[in-house]
Amino acid sequence: MTMDRERWLDLVSEMFTLVMEQAALGEVTRAVTDLLGDGREVVHGPWQPDECRAVLEPWHQAGWLDLVADAEPPSGLADAPWRDRAARDGAYLVLDAADARALLAAPARWVAGTADGEVMLCVSDSGSAREYAEWLRLAGDAERVGET
């Protein structure tokens, strides 16, 4: 996948922010508007699911990103096969690595209001120790940015 440098950097920045904010997978492709005051705003996205996946997968493979779900989900969201294999960590379930890889590889499953779509991005302890420049580098900036 090739895109212009400005769009790629914006995508990586937004995915990083979503990880830090523990956003649900059902939200990652949506456009986000930053209100700057004086009627000014900046719109980020919307993103193609494969664009998001291309950024999130290397972070997960490096162990900087986990996928978590509420241990006590709202009614109707408990029927997910990965729940039985997830590890309990306080109020959350941390998805097994194989289940997390499978979910990240299948953006069609990231539907808001479903068990898969309500799974959240979560920075790991290892990821917390990394500077943003490392996240950017790991996302593959040089490999995906087109000549502009």
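Below or above, wherever it landed, is the structure these notes cover. (Residues numbered from 1 in each chain as written. Predicted model: local features only at pLDDT ≥ 70, side-chain atom pairs only at ≥ 80, totals over all residues. Heavy atoms only, no water.)

**What about the overall build of the protein?**
- The helix and strand inventory of the protein stands at six helices and six strands.
- For the protein, the α and β elements follow one another from N to C terminus as α-β-β-α-β-β-β-α-β-α-α-α.
- The C-alpha radius of gyration computed for the protein amounts to 16 Å, which stays within 12% of the reference 15 Å derived for 148 residues, consistent with globular compactness.
- Within the span of the protein, comprising 148 residues, buried residues form 42% of the whole.
- In the structure as shown, the protein presents an accessible area of about 7,900 Å², 47% of it carried by carbon and sulfur atoms.
- A distance of 4 Å separates the average location of the 13 positive side-chain charges in the protein from that of its 28 negative side-chain charges. (Helix = DSSP H or I, 4+ residues; strand = E, 2+ residues; numbered from the N terminus. Rg over C-alpha atoms; globule rule 2.2 N^0.38 Å. Buried < 20%, exposed > 50% of the residue type's maximum accessible area, 1.4 Å probe, protein only. Areas by Shrake-Rupley, 256 points an atom, 1.4 Å probe, with all protein chains shown as cover. Lys, Arg positive; Asp, Glu negative; His and termini not counted. Charge placed at Lys NZ, Arg CZ, Asp CG, Glu CD.)

**Observations concerning the sheet that holds strand β4 (residues 87–89)**
- Read from one edge to the other, the open sheet built from four strands follows the order β4-β5-β3-β6, with strand pairing classed as antiparallel. Bordering the open sheet on either side are β4 and β6 (120–123), each of which pairs with just one other strand. Taken pair by pair, the neighbouring strands of this sheet meet at an average axis angle of 45°, ignoring direction.
- Pairing of strand β3 (residues 65–70) with β6, which is carried by four bridges, proceeds in the antiparallel orientation. (Pairing = 2+ DSSP bridges. Axes fitted to C-alpha atoms, helices over the stretch in contact; angles between N-to-C directions.)

**A closer look at the nonpolar core**
- Residues M15, L56, W59 and L121 are the most contacted members of the largest nonpolar core, which totals 33 residues.
- Every element with two or more residues in this core is listed here: α1 (5–20), α2 (49–61), β3, α3 (97–104) and α5 (132–138).
- Looking at which element gives the most residues to this core, the answer is α1, with seven residues.
- Once you skip the residues sitting within four places of it in the chain, L56 turns out to touch M15, V19, L65, L104, W110 and L121. (Core = buried A, V, L, I, M, F, W, Y, C linked by side-chain atoms within 4.5 Å. Contact = heavy atoms within 4.5 Å.)

**Focus on α2**
- Between the first and last C-alpha of α2 there are 18 Å, a value that for 13 residues agrees with the 18 Å anticipated at 1.5 Å per step.
- By the burial criterion, the buried members of α2 are E51, C52, A54, V55, L56, E57, P58, W59 and H60.
- One or two residues past the end of α2 sits G63, with phi positive at roughly 85°. (Expected span 1.5 Å × (residues − 1).)

**Quick look at the pattern of salt bridges**
- Per the stated rule, a full pass over the model turns up seven salt bridges.
- Each of the salt bridges in this network shares a partner with another, and the network as a whole consists of D50, R53 and E57. (Salt bridge = Lys/Arg side-chain N within 4 Å of Asp/Glu carboxyl O.)

**What about a negative patch on the surface?**
- A contiguous patch of negative charge on the surface is contributed by E21, E27, D70 and E118.
- Structurally, the position occupied by E27 is in the loop between α1 and β1 (32–37).
- E27 gets classed as partly exposed once you look at its relative accessible area, which sits at 36%. (Patch = residues over 30% accessible without salt bridge, like charges linked within 9 Å, V, L, I, M, F, W, Y side chains within 5 Å.)

**Regarding the packing of α2 against α3**
- As a packed pair, α2 and α3 sit with axes 10 Å apart at the nearest point and diverge in direction by 165°. Taken as axis vectors, α2 and α3 run roughly antiparallel relative to one another. As for the relative orientation of α2 and α3, their crossing is left-handed in sense. For the pair α2 and α3, the contacting residues are R53, L56, E57 and H60 in the first and A97, A100, R101 and L104 in the second. (Parallel < 35°, antiparallel > 145°, perpendicular 65-115°, else oblique. Left-handed = near helix turned anticlockwise from the far one by under 90°.)

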